Amino acid sequence: MEDTVNCHANGDAVQGTVVSSWNEWDPLKHVIVGRATGSHIPPPEPALDAKVPEDSDMRGMWGQRTQDSIDRGNELLDRFSAQLEQRGIKVDRPIPIDFSQPITTPDFHTDAQFGCMPPRDVLLTVGNEIVEATMSYRCRWFEYLCYRPLLQRYWEEDPNFRHEAAPKPRLTDADYRPDYLDVRISVQQRLEWTSQKYFVTTEHEPLFDAADVLRLGRDLVVQHGFTTNLKGIEWLRRHFPDHRVHAVNFPGDPYPIHIDATFTPLRPGLLLNNPQRRLPDEQRQMFEDSDWQILDAAQPAHNSPPPLCYSSTWLSMNVLVLDPKTVCVEKTEVYQADQIDKLGFEVVEVELRDAYAFGGGLHCSTADVYREGHCEDYFPHLEDC
Ligand code: GLY
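Just so you know, these numbers come straight off a predicted model, no measurement behind them.

### Description of the sheet that holds strand E2 (residues 28-33)
In a beta sheet, neighbouring strands are held together by backbone hydrogen bonds and run either parallel or antiparallel to one another.
Working step 1: One open sheet accounts for 3 strands, arranged E5-E2-E20; its pairing is mixed. Across the chains shown, the open sheet's two edge strands, defined by having one partner strand only, are strand E5 (90-92) and strand E20 (366-371). On average, each strand axis in the sheet is tilted by 25 degrees relative to the strand beside it, whichever way the strands run.
Working step 2: In this structure, E2 lies alongside E20, joined through 5 bridges in antiparallel fashion. Counterpart to Ile-32 in the pairing with E20 is Ala-367.
Working step 3: Contacts from helix H2 (residues 67-86) reach E2, E5 and E20 within the one sheet, and its direction differs from that of E2 by about 165 degrees.

In structure tokens form, the structure reads like this:
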């Protein structure tokens, strides 16, 4: 099933920093873990408002999160980092900027920023390259600055590291559909729109968040939704000419942002799919033709997300794979842990639920720097790009 292809593969020896990661499951050796410090609930803006349900406790409020919640988030993220380090994984942390600073560009203004908890949203590692995503929220326009000290160091230490930044978007009102500004949109209406691929972001300019991309060796699977538009996917296709880039949709998701609480690879040939957001039949074909198994993920253990959280209860399946036999699962997500255990993996319990509100679960809160392995073709029946 696996053919090694020549995609600028690096060797396996890590001296100083080596940037290389081709997929979501090879043995993890170096990772970035986010921080909760200074995190804000940002002021209203078009793309963010479309993600917040009408009955959410976050509607109508913004400003820095409470210091108690930030301290608790940092406590859990620090402990998660220590757990990874105990397993021999090198961990780096971002340097937060002052997220209370407003942003004014020639095209937009926002009164505050977001945070640096989900590095997965901002940084896309493909082989020896880390790309800073365009992002599609105004409040996240400068978030890459929190990672620049790390990226500059990697650039000094690894002569093969390619540090790239996707074109900064202008994020004028032309990027957002005004229909989504109505706060009373029903979930039924949202489901109709998302099934028609009528998302809050328009096709005015390329937009993508890195967390909409799954890396499966030579194939990149990218969710088209609120945070990534078709032009963003086309930008990725042109930027990675040696890869095959596939746009996917999950019509059962009324708030389609970020693929990693919806479609989760565990090892080559095995994926979990959110049973409320099934991959459409025509998009399953590439997996079935290469004998990949797509299993329904277990139900979340919780009926609702924690307070002031953007994400759904499906952060249960936002797991971090440490190697093809070992998976980190959030400690309270007992059904997900049980399913992964029964599939033959070692389950590593990590307590993180009180940090979900800062932007996600175990996969979201990390970004790969180095995984062993090379760029392989897991879908050899597909045509060359
Ligand atoms: N897209 C992340 C979630 O399910 O909340």
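### Quick word on the nonpolar core
Working step 1: Membership of the largest hydrophobic core comes to 36 residues, with the highest contact counts inside it found for Val-221, Phe-263, Leu-266, Phe-287, Val-327, Ile-340 and Phe-379.
Working step 2: For this core, the secondary structure elements donating two or more residues are strand E11 (213-216), strand E14 (263-267), strand E15 (270-273), helix H7 (281-289), strand E18 (326-330) and helix H8 (334-342).
Working step 3: Among the elements that take part in this core, E15 stands out by supplying 3 residues, more than any other.
Working step 4: Phe-263 has contacts with Leu-214, Phe-250, Leu-271, Leu-272, Asn-273, Leu-279, Phe-287, Ile-294 and Met-317, leaving out every residue within four places of it along the chain.
Working step 5: Among the nonpolar cores identified, the runner-up in size contains 34 residues, and Ile-32, Leu-124, Ile-130 and Val-245 belong to it.

### Considerations on empty space enclosed by the protein
Over the atoms rolls a probe the size of a water molecule, and in doing so it shows where empty space is left.
Working step 1: Inspection of every chain in the model, using the stated rule, returns 3 cavities of 30 Å³ or more.
Working step 2: The volume enclosed by the largest cavity comes to roughly 250 Å³.
Working step 3: Along its surface, the largest cavity is lined by 21 residues, and Lys-51, Ile-257, His-258, Ser-311 and Gly-359 are the ones closest to its centre.
Working step 4: Space inside the second largest cavity adds up to approximately 70 Å³.

### Digging into the site of the ligand
Working step 1: For the ligand, the full set of nearby residues is Lys-51, Ile-257, His-258, Ala-261, Arg-277, Ser-311 and Ser-312.
Working step 2: Between an oxygen atom of the ligand and a side-chain N or O atom of Arg-277, the distance comes to 3.0 Å.
Working step 3: Judged by the proximity of its atoms to the pocket grid, the ligand belongs to the largest cavity.
Working step 4: Looking at the shell around the ligand, its residues break down into 2 nonpolar, 3 polar and 2 charged.

Quick notes on the rules
- Residues numbered from 1 in each chain as written.
- Predicted model: local features only at pLDDT ≥ 70, side-chain atom pairs only at ≥ 80, totals over all residues.
- Heavy atoms only, no water.
- Pairing = 2+ DSSP bridges.
- Helix = DSSP H or I, 4+ residues; strand = E, 2+ residues; numbered from the N terminus.
- Axes fitted to C-alpha atoms, helices over the stretch in contact; angles between N-to-C directions.
- Contact = heavy atoms within 4.5 Å.
- Core = buried A, V, L, I, M, F, W, Y, C linked by side-chain atoms within 4.5 Å.
- Buried < 20%, exposed > 50% of the residue type's maximum accessible area, 1.4 Å probe, protein only.
- 1 Å grid on protein atoms, 1.4 Å probe; cavity = no way out; pocket = protein on both sides within 12 Å on 5 of 7 lines; lining within 4 Å.
- Points joined across faces, edges and corners; volume = space filled by probe spheres on them.
- Near = heavy atom within 4 Å.
- Polar contact = N/O pair within 3.5 Å; in protein donor to acceptor, adjacent residues only side chain to side chain.
- Sits in = over half its atoms within 2 Å of the grid points.
- Nonpolar A, V, L, I, M, F, W, Y, C, P; charged D, E, K, R; others polar.

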